[in-house]
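# Observations on chain architecture
Spelled out, the chains give:
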Amino acid sequence: MKYLIILFTALLSLYSLTASAAPSLIPAPPQLSASSYILMDAYTGDVLVEHNSQQELPPASLTKLMTAYIVEYELARGNVSLNDKVNISEKAWRMEGSRMFIREGTQVSLEDLMRGIVIQSGNDASVAVAEHVAGSESAFADLMNQHAQILGMKNSNFVNSTGFPAEGHVSSAHDLALLSRAKILQFPDNYSMYSEKYFTYNKIKQPNRNKLLWRDSTVDGLKTGHTEEAGFCLAASAVRNGTRLITVVMGTNSSEARATETQKLLNYGFRYFETRKLYSRGQVVNETKVWGGAGESVKIGFAEDVLVTIPRQQTDALPATLDLEPVIEAPIAVGDVLGTIIVGTEDNVLLKREVVALESVEEGGLFKRLLDKIKLFFMNLF
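Residues numbered from 1 in each chain as written. Predicted model: local features only at pLDDT ≥ 70, side-chain atom pairs only at ≥ 80, totals over all residues. Heavy atoms only, no water.

Let us now look at the layout of surface pockets. The gaps left among the atoms become clear once a water-sized probe is rolled over them. By volume, the largest pocket amounts to about 210 Å³. S61, S98, S121, H226 and T227 are, among the 18 residues lining the largest pocket, the residues nearest its centre. Sort the elements by how many residues they give to the lining of the largest pocket and strand β8 (residues 219–227) lands first, with four residues. Its residues assigned to classes, the lining of the largest pocket shows four nonpolar, eleven polar and three charged. (1 Å grid on protein atoms, 1.4 Å probe; cavity = no way out; pocket = protein on both sides within 12 Å on 5 of 7 lines; lining within 4 Å. Points joined across faces, edges and corners; volume = space filled by probe spheres on them. Helix = DSSP H or I, 4+ residues; strand = E, 2+ residues; numbered from the N terminus. Nonpolar A, V, L, I, M, F, W, Y, C, P; charged D, E, K, R; others polar.)

Structural data, given as structure tokens:
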């Protein structure tokens, strides 16, 4: 059975209804001087702009987003602690490129190593962390690829924890945006580290290489990368007025260019799009008949908040169609999927989301179940 929900009550308490309002006008997105790039809404996952975003490219130190993500994953499960003292191996100490200057044979806290990875882009810190978590860097790379598969990163293959040039070590702008989104949404308590501008270790103070942290107060992450093969890369995120965007720009020709091109994408996204909450977790959107139950009906809604990315200043009503299972029978548990809701029009579907039972309904007595079976039988005849 289908119900057309006019969004005066369910959705459009958020919108003003102006039938004569002019439509939202959105210009073409900026063309960037980069090999690949993407602009994504962090909360909905909607892709607003992309160019070669699925292309496999060397990710340079954007690799360290995955290295840090795995540490955060292990922290959340209690397998490691930021207070852990990590033994520094000769391999970690000898790493070339960007470093936090840890010394072989010493012990460094995992928290300091995380800042060395995120802020200083330390190759030495990355190897030390990989060895601490998985025993060796090669074993850690295997773990990286397992996480990539879980996150849906279909164009990524990790060979090391640093992004140091290696055959077969690739990722894509789309994959790195997915990774950035997972990091922000899954581990928000750790995310503030990505906005820190300086970190001092071993009496050496180094700045975060993300220039946008100084130029745009709404930017609070994430990571830079650079090798000769990869060019200059930047994964960034910013939040303005409740909308959070993620950008990944790969293959620019300078550290200045990666910041400038990223800023173009962010400005475009925030100027013309916004994230709106249509429904709240647990909000009742319908109540429907239950057959054979101790109760006659069940309340239906959403297990999580329902968000949508829309053009800024859109004022037209958004229709929503609720499509429920034709027959809903007890027993029903909280969270059971009972149908779907589609927001938008046939030509422009904004989102499709499952609706679930917000309450449980036990089976009715024998007589009640038999009576409902008879009613269903005769209903199906007609």
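This part is about the packing of helix α1 (residues 64–76) against helix α5 (residues 137–150). Contact geometry for α1 and α5: axes closest at 10 Å, N-to-C directions at 85°. Looking at the two axes, α1 sits roughly perpendicular to α5. Touching M66, T67, Y69, I70 and Y73 of α1 are F140, L143, M144, H147 and A148, all from α5. For the contact of α1 with α5, the residue count by class is eight nonpolar, two polar and no charged. (Axes fitted to C-alpha atoms, helices over the stretch in contact; angles between N-to-C directions. Parallel < 35°, antiparallel > 145°, perpendicular 65-115°, else oblique. Contact = heavy atoms within 4.5 Å.)

This part is about the pairing of strand β7 (residues 204–207). Where strand β6 (residues 198–201) and β7 come together, four bridges link them in antiparallel fashion. By the bridge assignment for β7, F199 is matched with Q206. (Pairing = 2+ DSSP bridges.)

On inspection of all chains with the given rule, the structure shows one cavity of 30 Å³ or more. Residue lining of the largest cavity: V118, I119, S121, N208, R209, L222, K223 and T224, and that is the complete set. If one sorts the elements of the lining of the largest cavity by residue count, β8 sits on top with three residues. Residues of the lining of the largest cavity, tallied by class, amount to three nonpolar, three polar and two charged.

What follows concerns the confidence of the model for the chain. Close inspection of predicted coordinates is inappropriate for parts of the model with low pLDDT. When pLDDT is averaged along the chain, the result is 90, and 92% of the positions lie at 70 or above. Considering only residues more than four positions removed or in separate chains, one finds that residues 1–22, a stretch of pLDDT under 50, has 57 contacts. (pLDDT = per-residue confidence, 0-100.)

Before going further, it helps to spend a moment on the packing of aromatic side chains. Counting across every chain of the model gives six aromatic pairs. Taking the centre distance of 5.6 Å and the plane angle of 25° together, the rings of Y191 and Y194 count as stacked. On the accessibility criterion, Y191 (7% relative accessible area) is buried. Counting every residue linked through ring pairs, the aromatic cluster contains Y268, Y272 and F273. In this structure, R77 is placed above the aromatic ring of Y73, and the distance from its NZ or CZ to the ring centre is 3.6 Å. One cation-aromatic arrangement involves K289 over W291; the distance from NZ or CZ to the ring centre is 4.9 Å. (Phe/Tyr/Trp six-rings, centres within 6.5 Å; stacked < 30°, edge-to-face > 60°. Buried < 20%, exposed > 50% of the residue type's maximum accessible area, 1.4 Å probe, protein only. Lys NZ or Arg CZ within 6 Å of the ring centre and 35° of its normal.)

To continue, consider the sheet that holds strand β3 (residues 47–51). The strand order across the open sheet built from five strands is β3-β2-β10-β9-β8, with neighbouring strands paired in antiparallel fashion. Each of the sheet's edge strands pairs with one partner strand only, and the pair in question is β3 and β8. When strand polarity is set aside, the average angle formed by the axes of neighbouring strands in this sheet is 5°. Note: β8 against strand β9 (residues 231–240), eight bridges, orientation antiparallel.

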